[in-house]
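Close look at the chain arrangement
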Amino acid sequence: MSKALWLALGGGLAVLGYWGWTHRRRLFVNDITTGENTAYPALRSRVYYADVAAAMAAAEHALRQLMHWEVVLRDVENDALEAEVRTPFGLFTDDVTIYFFPLGSGQTRVTIRSRSRLGQGDLGQNAAHIRELQGAMDDRLNMGAAF
């Protein structure tokens, strides 16, 4: 190999190593709840201008539209939904629980927990699940969300 190629390869590995070191907390997290994880401080619970029933219906409809997602349990008594997310090739399954808390004045706080069944790190996949579901819920609730 030429000297330039070795330098480029070494530089690429250095950048990758630096990224891994600075994001090491995120690499070894496999259970995330909105608003409760220091590795992902930007992932917050959302407050929607909808009652619990409307927010739960929007979440359930969004879940059914997302690829690789499946609703497992609709717990109306405890205002929660449980879902599974499978990787495209079915190698891994993550569990997602959505909690709905009435705030009064027609508002509902939605807290989402995503956790991996296997391993000690998810390479950011659980955070991606939460972002994907929040985006789909925002679309369903016509962006009537108070962040």
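Summary of the structure given here.

Conventions adopted
Starting from 1, residues in each chain are numbered consecutively following that chain's sequence as written. Where local features are concerned, this predicted model is filtered to residues with pLDDT of at least 70; where side-chain atom pairs are given and counted, the filter is 80 or more; whole-chain, interface and lining totals use all residues. Calculated side-chain values reflect all of the structure's heavy atoms, with hydrogen atoms and water omitted. Salt bridge, as used here: a side-chain nitrogen of Lys or Arg that lies within 4 Å of a carboxyl oxygen of Asp or Glu. Helix and strand definitions here come from DSSP, where helices need a minimum of 4 consecutive H or I residues and strands a minimum of 2 consecutive E residues; each element is numbered from the N-terminal end. Three labels apply to residues, based on accessible area from a 1.4 Å probe with only protein chains included: buried if under 20% of the type maximum, exposed if over 50%, partly exposed otherwise in between. Helix axes use the C-alpha atoms of the stretch in contact, all axes being lines fitted to C-alpha atoms, and the angles between their N-to-C directions lie in the range 0 to 180 degrees. Working definition: roughly parallel below 35 degrees, roughly antiparallel above 145 degrees, roughly perpendicular at 65 to 115 degrees, and oblique for all remaining angles. Two helices that cross are described as forming a left-handed crossing if the nearer one is turned anticlockwise from the farther one by less than a right angle, and a right-handed crossing if clockwise. Residues are treated as being in contact if the distance between any of their heavy atoms lies within 4.5 Å. Gly falls in the polar group here, along with every residue not listed as nonpolar (Ala, Val, Leu, Ile, Met, Phe, Trp, Tyr, Cys, Pro) or charged (Asp, Glu, Lys, Arg). A patch consists of residues exposed above 30% relative accessible area that lack any salt bridge, with like charges linked at up to 9 Å and nonpolar side chains (Val, Leu, Ile, Met, Phe, Trp, Tyr) linked at up to 5 Å. For accessible areas, the Shrake-Rupley method is used with a probe of radius 1.4 Å. Any residue's cover is judged against the shown protein chains and nothing else. One less than the residue count of a helix, multiplied by 1.5 Å, gives the span that helix is expected to have. In protein, a polar contact requires one atom able to donate a hydrogen and another able to accept it; more generally it is a pair of N or O atoms within 3.5 Å, and residues adjacent in sequence count only if both atoms are side-chain atoms.

Within the structure shown, the criterion is met by seven salt bridges. Linking Asp31 and Arg113 is a salt bridge whose minimum nitrogen-to-oxygen distance equals 2.5 Å. With Asp31 in strand β1 (residues 31-33) and Arg113 in strand β6 (residues 107-116), the pair connects residues that are 82 residues apart, well separated along the chain. Given a relative accessible area of 30%, Asp31 falls into the partly exposed group.

A separate point is the packing of helix α3 (residues 52-65) against helix α4 (residues 125-140). Across the interface, α3 lies against α4 with an axial gap of 9 Å and an inter-helix angle of 120 degrees. Here α4 runs oblique to α3, going by the angle between their axes. The hand of the α3/α4 crossing is right-handed. Contacts between α3 and α4 involve Ala55, Ala58, Ala59, His61, Ala62, Leu63 and Gln65 from the former and Leu133, Ala136, Met137 and Arg140 from the latter. For the contact of α3 with α4, a count of residues per class yields eight nonpolar, two polar and one charged.

Moving on, we get to a nonpolar patch on the surface. The grouping of Leu91, Phe92 and Leu118 at the surface amounts to a nonpolar patch, some 350 Å² of accessible area in total. Of note, Phe92 is situated in the loop between β4 (80-86) and β5 (93-104). Here Phe92 falls in the partly exposed class, since its relative accessible area comes to 47%.

Take α3 next. For α3, spanning 14 residues, the distance from its first C-alpha to its last is 20 Å, which sits close to the expected 20 Å at 1.5 Å a residue. Next to the buried residues of α3 lie β3 (69-75), β4, β5, β6 and α4.

The subject of this paragraph is the side chain of Asn126. Locating Asn126 in the fold gives a position in helix α4. Separated by 2.9 Å, the side chains of Asn126 and Ser116 make a polar contact. If we ignore the near neighbours within four places in the chain, the residues touching Asn126 are Asn30, Asp31, Ile32, Asp94, Ser114, Arg115 and Ser116.

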